[in-house]
Amino acid sequence: MTPQERQIVDLTAKLLASIAAADWKAYAELCDESLTCFEPEGKGHLIEGLPFHKYYFDLGAAKSPPQNTIGSPHVRFLGENAAVISYTRLTQKLNAEGAPMTALAEETRVWEKKGAAWKHVHFHRSFPS
């Protein structure tokens, strides 16, 4: 993995950590205000902007925050200022009964370099059947 690819993987890990910790400030700093996505919570609709996501952060962090693992990351650069990362996300957490469980999601995230900083601008998350 090149240093540039590692940077995108590390930024994605930082983003997932901010989600697990319900750290809105860190999440918003990594994301562009015009973030778009397709995710199960959107029920098939394209979600635009950050307010939809803030709702979930406002619910607070779980008593036992989940742990995320990025499996088989694949990074593709679309020029100097854009990168796409695709990976399998394993989320370890406690279920309603307090027993450990692992959830699997397939994710693709798009990062755009704006000035000196990379910003998360789009993602697609799905759960395999």
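What you see is a predicted model; the values in this text were computed from it and never measured.

The nonpolar side chains of soluble globular proteins are, as a tendency, buried together. Core analysis: the biggest nonpolar cluster contains 21 residues, and I8, Y27, I85 and W111 have the highest contact counts within it. If you list the elements that add at least two residues to this core, you get helix 1 (3–20), helix 2 (24–30), strand 1 (31–38), strand 3 (67–77), strand 4 (82–94) and strand 6 (117–126). Considering each element in turn, this core owes the most residues, five residues, to helix 1. In contact with W111, not counting residues within four places along its chain, are I8, L11, T12, L15, L30, N81, A82, A83, I85, W118, K119 and H120.

Let us now look at the side chain of S18. By secondary structure assignment, the location of S18 is in helix 1. For S18, a relative accessible area of 4% translates into the label buried. Within the structure, the side chain of S18 is placed 2.6 Å from the backbone oxygen of L15, a separation counted as a polar contact. The contacts of S18, once residues within four sequence positions are left out, are D23, A26, Y27 and F57.

The rules behind the values
Residues numbered from 1 in each chain as written. Predicted model: local features only at pLDDT ≥ 70, side-chain atom pairs only at ≥ 80, totals over all residues. Heavy atoms only, no water. Core = buried A, V, L, I, M, F, W, Y, C linked by side-chain atoms within 4.5 Å. Buried < 20%, exposed > 50% of the residue type's maximum accessible area, 1.4 Å probe, protein only. Helix = DSSP H or I, 4+ residues; strand = E, 2+ residues; numbered from the N terminus. Contact = heavy atoms within 4.5 Å. Polar contact = N/O pair within 3.5 Å; in protein donor to acceptor, adjacent residues only side chain to side chain.

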